[in-house]
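In case you want the letters, here they are:
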Amino acid sequence: MERIREGAASIGVGGGVFYNPKMGKLRDISILLLRAAKIRKAKLLDATAATGIRGIRYALEAGVVDTTMLDINSAAYRNAKANARLNRVKANVLGKSLQDFAGSAQRAFDAIDLDPFGSPAPLVYDALRLSKDGTILMVTATDTATLCGAEGSACQRIYGAKPIHNELCHEGGVRILLNFIARNAGQFNFGIEPLLSIADMHYMRVFVRLHRGAREATASVGSGGFVAYCSRCHNFAYKKGVVAQPDTTCNNCGARMQAYGPMWLGALKDAKLVSEMAALSSKYGEGTKRFVTLLNEELDIPFFYSVPKATSYLKMGSIPIDKVVNALGKRHSVSRTHFEKDVIKTTAGIGDVLAAVAKAK
Ligand SMILES: C[S@@+](CC[C@H](N)C(=O)[O-])C[C@H]1O[C@@H](n2cnc3c(N)ncnc32)[C@H](O)[C@@H]1O
Ligand SMILES: [Zn+2]
């Protein structure tokens, strides 16, 4: 058994139990989020614990006082139990599935972490059974080929959405996942408030706060809707609503646009919370700090324009992206985004973006 240090935890890793050191940055971000959310004396469920690294770090670093960890795999269960003891974290560690646990648990949790292999879809319903007003759900998806549309039929089957495998697909996948959570939460009379939404490396991760109430639930289901995407000039449009009908003719080039969704079209983050996370990130590693800064500076509006797609549509050679950012920045809000390189989030429409790209030669 190898001994690993991560954050304030020291754990034993081995025996085939899953541990990916590259996900340390994402665990840092989850801790920063719970710290910024000022969860006090919280009761947390790490529903897919593996080594127990998350549950242990939340207890040591994020002020969680009541930790429950589950794993369906018996080697993982034993490993998480031993690691909790090693770190003097008093945790209730159980070798059972989330589904079994949700049927027998007596009380709801303040925060629930879902980090399964592949799709979290089969676990969301049971996490909601263990939730209450104010619960923070933290959900990882590694079925990114499905959510990004490389496996389109799986996305329709699992998430009830039609994806497009295009330059928008990482942000689109995050929005499809959020809409899936909102639709499930609606059954329990919960609305969702996204606190932070990420697509990075091979995963997506969303953090949402649940708000109990029929009005909240109806409003958040109504924040879903459809996107229309133009594969000729890379324009997009969107409309919220359960039976939304966005225009399907591109207002830039006149081509017929493709339907994309349904997906969440509301905010992807709580700006105040993410700025607090950035302020707290100084003690973390460079990778974590840089990533949180980017998340903090990003405009929270649906989608972006790809500069390479725009130059190829305009039949131009490549141009420096900063020139386009500066030109647009004189009249519009503009930011980069963690979702994609060489793209621009902006309040400008495609006409202004194409004009700025054309001038940046
Ligand atoms: C990707 S690993 C978790 C990694 C861990 N959260 C970390 O940060 O290192 C997924 C774990 O979830 C467990 N698992 C899968 N389905 C489960 C279920 N329905 N209930 C509880 N645990 C489950 C697996 O046995 C596996 O150990
Ligand atoms: Zn078009």
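Look above for the structure.
In this report, we go over the structure that sits alongside the text.

1. Quick notes on the overall build of the chain
Helix and strand counts for the chain stand at 14 helices and 15 strands. The globule rule puts the C-alpha radius of gyration for 361 residues at 21 Å, and the 21 Å found for the chain is close to it. Its C-alpha atoms give the chain principal-axis dimensions of about 60 × 40 × 35 Å. Here the chain, with 361 residues, has 57% of them falling under the buried criterion. For the chain, the proportion of contacts with a sequence separation of at least 24, taken over those separated by at least 6, is 67%. In the structure as shown, the chain presents an accessible area of about 15600 Å², 49% of it carried by carbon and sulfur atoms. Both charge centroids of the chain, one from 48 positive and one from 31 negative side chains, sit 1 Å from each other.

2. Quick word on the coordination of the zinc ion (ligand 2)
Bound to the zinc ion (ligand 2) on the protein side are Cys 230 (SG), Cys 233 (SG), Cys 250 (SG) and Cys 253 (SG), at distances that span 2.3 Å. Taken together, the four donor atoms surrounding the zinc ion (ligand 2) define angles of 99 to 116° at the centre, an arrangement classified as tetrahedral. Of note, the zinc ion (ligand 2) draws all its donor residues from one chain, in the sequence arrangement C-x2-C-x16-C-x2-C. In this pair, Cys 230 is assigned in the loop between strand S10 (224–229) and strand S11 (236–240) and Cys 253 in the loop between S11 and strand S12 (258–264), connecting sequence segments 23 residues apart. Residue classification places Cys 230 among the buried positions, given a relative accessible area of 0%.

3. Points about the packing of aromatic side chains
Under the defined criterion, the tally for this structure stands at seven aromatic pairs. Geometrically, the ring pair formed by Phe 101 and Phe 109 is tilted, given 6.1 Å between the ring centres and 50° between the ring planes. Classification of Phe 109 as buried rests on a relative accessible area of 2%. Taken together, the aromatic side chains of Phe 236, Tyr 260, Phe 303 and Tyr 305 make up a single cluster linked through ring pairs. The ring of Phe 291 is capped by Lys 25, whose NZ or CZ atom sits 4.2 Å from the centre of that ring.

4. Remarks on the side chain of Ser 119
Turning to its location among the elements, Ser 119 is positioned in the loop between strand S6 (111–114) and helix H5 (121–129). Accessibility expressed as a relative area gives 17% for Ser 119, which makes it buried. At a separation of 3.0 Å, a polar atom in the side chain of Ser 119 contacts the main-chain amide nitrogen of Ala 121. Within the local environment of Ser 119, its side chain forms a polar contact with the side chain of Tyr 159, the two groups lying 2.8 Å apart.

Calculation notes
- Residues numbered from 1 in each chain as written.
- Chains lettered and ligands numbered in written order.
- Predicted model: local features only at pLDDT ≥ 70, side-chain atom pairs only at ≥ 80, totals over all residues.
- Heavy atoms only, no water.
- Helix = DSSP H or I, 4+ residues; strand = E, 2+ residues; numbered from the N terminus.
- Rg over C-alpha atoms; globule rule 2.2 N^0.38 Å.
- Buried < 20%, exposed > 50% of the residue type's maximum accessible area, 1.4 Å probe, protein only.
- Contact = heavy atoms within 4.5 Å.
- Areas by Shrake-Rupley, 256 points an atom, 1.4 Å probe, with all protein chains shown as cover.
- Lys, Arg positive; Asp, Glu negative; His and termini not counted.
- Charge placed at Lys NZ, Arg CZ, Asp CG, Glu CD.
- Donors = N, O, S within 2.8 Å, 3.2 Å for Na, K, Ca; no water.
- Tetrahedral: all angles 85-135°; square planar, octahedral: opposite > 155°, others 65-115°.
- Phe/Tyr/Trp six-rings, centres within 6.5 Å; stacked < 30°, edge-to-face > 60°.
- Lys NZ or Arg CZ within 6 Å of the ring centre and 35° of its normal.
- Polar contact = N/O pair within 3.5 Å; in protein donor to acceptor, adjacent residues only side chain to side chain.

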